[in-house]
Amino acid sequence: RRKTGVGMSSIEEIYPISRADLDLVRAFPKGFLWGAATASYQIEGAIKEDGRGPSIWDEFSATPGKVFQGHTGEVATDHYHRVPEDIVLMKELGLSAYRFSIAWPRVLPQGRGAINAAGLDFYERLVDELLAHGIAPFVTLYHWDLPLSLHKVGGWTNRDTAYAFADYADIVTKRLGDRVANWITLNEPWCSAYLGYGCGIHAPGIQDRQAAFVAGHHLLLAHGLALPRMRANIKSVAQVGLSLNFTPTYASDEREETKRDTELTDLFVNQWFISPIAHGRYPEGLFEALEVTPPPMQDGDLELIGAPIDFLGVNNYTRDVIRGGTIPARPDESVKVGPVPGACYTEMGWEIHPQSFNELLLRLYHEYGMQALYITENGAAFKDTWNGDGVVHDPRRIAYIQEYLQAAAEAVEQGVPLRGYFTWSLLDNFEWAEGYSKRFGIVYVDYQTQRRIIKDSGHWYKALLSAHRDAS
Ligand SMILES: CO[C@H](O)c1c[n+]2c([nH]1)[C@H](O)[C@@H](O)[C@H](O)[C@H]2CO
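Residues numbered from 1 in each chain as written. Predicted model: local features only at pLDDT ≥ 70, side-chain atom pairs only at ≥ 80, totals over all residues. Heavy atoms only, no water.

### Some words on the confidence of the model for the chain
On average, the chain scores 95 in pLDDT, and the residues at 70 or more come to 96%. In the predicted structure, residues 1-7 sits below a pLDDT of 50 and forms 15 contacts with residues beyond four places in sequence or in another chain. For this predicted complex, the interface confidence reaches an ipTM of 0.99, while the overall pTM sits at 0.96. (pLDDT = per-residue confidence, 0-100. Contact = heavy atoms within 4.5 Å.)

### Here's the deal with the sheet that holds strand 11 (residues 418-424)
Strand order in the closed barrel formed by eight strands is 1-2-3-4-5-7-10-11, and the pairing between neighbours is parallel. Within this sheet the neighbouring strands show an average axis-to-axis angle of 25°, counted without direction. Pairing of strand 1 (residues 33-37) with strand 11 involves five bridges; the strand directions are parallel. Residue pairing in the sheet places Ala37 in a bridge with Trp424 of strand 11. (Pairing = 2+ DSSP bridges. Helix = DSSP H or I, 4+ residues; strand = E, 2+ residues; numbered from the N terminus. Axes fitted to C-alpha atoms, helices over the stretch in contact; angles between N-to-C directions.)

### Digging into the site of the ligand
Surrounding the ligand, one finds 14 residues, the nearest of these being Gln42, Glu188, Glu377, Glu431 and Trp432. Measuring from an oxygen atom of the ligand, one finds a side-chain N or O atom of Asn187 at 3.0 Å. One nitrogen or oxygen atom from the side chain of Glu377 is found 2.6 Å from an oxygen atom belonging to the ligand. Relative to its unbound accessible area of 420 Å², the ligand is 92% covered by the protein chains. Considered class by class, the residues forming the shell around the ligand number six nonpolar, five polar and three charged. (Near = heavy atom within 4 Å. Polar contact = N/O pair within 3.5 Å; in protein donor to acceptor, adjacent residues only side chain to side chain. Areas by Shrake-Rupley, 256 points an atom, 1.4 Å probe, with all protein chains shown as cover. Nonpolar A, V, L, I, M, F, W, Y, C, P; charged D, E, K, R; others polar.)

### Some details on the nonpolar core
Counting 155 residues, the largest nonpolar core has Phe165, Trp272 and Leu312 as its most contacted members. When residues in this core are grouped by element, the largest group, 12 residues, is from helix 11 (residues 209-233). Apart from residues no more than four positions distant in its own chain, Trp272 is found in contact with Trp190, Ala193, Tyr194, Ala212, Phe213, Gly216, Leu267, Tyr282, Pro283 and Leu286. (Core = buried A, V, L, I, M, F, W, Y, C linked by side-chain atoms within 4.5 Å. Buried < 20%, exposed > 50% of the residue type's maximum accessible area, 1.4 Å probe, protein only.)

### Some remarks on the packing of aromatic side chains
Under the counting rule described, the total for this entry stands at 44 aromatic pairs. Between Trp104 and Tyr142 the ring centres are 6.1 Å apart and the planes differ by 85°, which places this aromatic pair in the edge-to-face class. Pair noted here: Trp104 is in helix 6 (residues 104-107) and Tyr142 is in strand 3 (residues 136-142), with a separation of 38 residues, a long-range link. You can call Trp104 buried: its relative accessible area is 0%. Measuring from ring centre to ring centre gives 6.0 Å for Phe268 and Trp272, while their planes differ by 25°; the resulting arrangement is stacked. For Phe268, a relative accessible area of 3% gives the class buried. By relative accessible area, which is 0% here, Trp272 ends up buried. Three or more aromatic residues joined by ring pairs form one cluster here, namely Tyr41, Trp57, Phe60, Trp144, Phe430, Trp432, Tyr436 and Tyr447. (Phe/Tyr/Trp six-rings, centres within 6.5 Å; stacked < 30°, edge-to-face > 60°.)

### What about the pattern of salt bridges?
According to the stated counting rule, one finds 37 salt bridges in the structure shown. Measuring nitrogen to oxygen at the nearest pair gives 3.1 Å for the salt bridge that ties Glu124 to Arg175. You can see Glu124 sitting in helix 7 (residues 117-132) and its partner Arg175 sitting in helix 9 (residues 159-176), a full 51 residues away along the chain. Put simply, Arg330 and Glu333 hold a salt bridge, and the shortest N to O gap is 3.1 Å. On the accessibility criterion, Arg330 (15% relative accessible area) is buried. Here the residues in one salt-bridge network are Asp121, Glu124, Asp128, Arg175, Asp178 and Arg179, joined through shared partners. (Salt bridge = Lys/Arg side-chain N within 4 Å of Asp/Glu carboxyl O.)

### Some remarks on the state of the cysteines
The tally for this structure, following the rule as stated, stands at zero disulfides. Sulfur of Cys191: no disulfide; nearest cysteine sulfur belongs to Cys199 and is 9.2 Å away. On the accessibility criterion, Cys191 (9% relative accessible area) is buried. Classification of Cys199 as partly exposed rests on a relative accessible area of 22%. (Disulfide = S-S within 2.5 Å.)

Shown next, in the form of structure tokens:
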């Protein structure tokens, strides 16, 4: 797409959406929220500024061999110093909502005790600036950057951390509860528990499956303890939920052993957290399948954990096709089949499979009775390149979002109460163990200069959101 003249935009740049896109947006109800998502450690930088305490990701990413080429979140996209310009960018894109996370160690440098006023002030300014631009804040309280001091006394394997989280949630909602109407307690406790304590590819890098289930229980308990504290501080019209990751599992063939291994993998990957949240109990057979003992629980834990939430945040990117009977292994060692003939994949090696997204949404509504759903993460990493001028062509990301939104639109037509969609991510950012090697943004970040360049997908998303507003 080249400019047609100095200062002129090509007609495609003004209207980069198709007739099919116009039909697509009409499937979503008036008031449907369109946003983009980020997380504190992945975009903020300024990890030692204004009183912020260290987090487990500061220590983990600084540990040689843990992150691609030793990348860290020390600078990231320097969002901490660029909030005004980044919010102008969000406004330019026409976002009606923005999902971000608060860094616990910026608010409570030691995880508990003394409050860092500069940390709370930063998030207050961010929220006020969003509201001034008519963008609804969706605040995640925990997106993996646990204060290091809590890790030093066991982190999520220590039940006390759940109580410390509830105190942190109380402090933040006391300050922002009058202005923020959408709260997410935890982002993907499955990742915090299993990637952090089970297989150790994420902070704090522990490899102990039993510890993963103890940590998982304390993360759920943290959510349950925080809920009533938050509800006491937020407006009556405000809503609280949490974001869970799901990767639907499919059998690679019709053999009984394949179907069994696929069901066990589904138990482990998809049911572990939604079952306590939706049904107040762990899924039958989970602990046995993983060869762990049930995590220590106290009376009342599961009631707290299973207390009603106002919405479920759904994070989905792909599906897994499971090969059966290869090894008499546990579901955390199940063998994924790939590449699937005729399938397309993103830079993460994730199969692009919108049909499984549609089926997931239907399952969450029918099997788990979720009365409101937001897609709090969906997006794709591709090899985006920038040639130094104002354009970044990413047609595959446009196609990915189109296909997944089509699947979501079908779910809405099938009766799923879907209330909003946040693409991951607003900006290219620190992709955990992959460092800055993977770009998910609809806005490109040139890390040498911190320049932001709206990708074609950003221009397309802007036009799509505008078309939805016009159609509503
Ligand atoms: C199966 O993917 C997970 O749902 C997942 C994917 N992602 C996530 N969770 C995290 O919430 C984000 O911080 C990541 O940046 C993002 C992209 O990797």
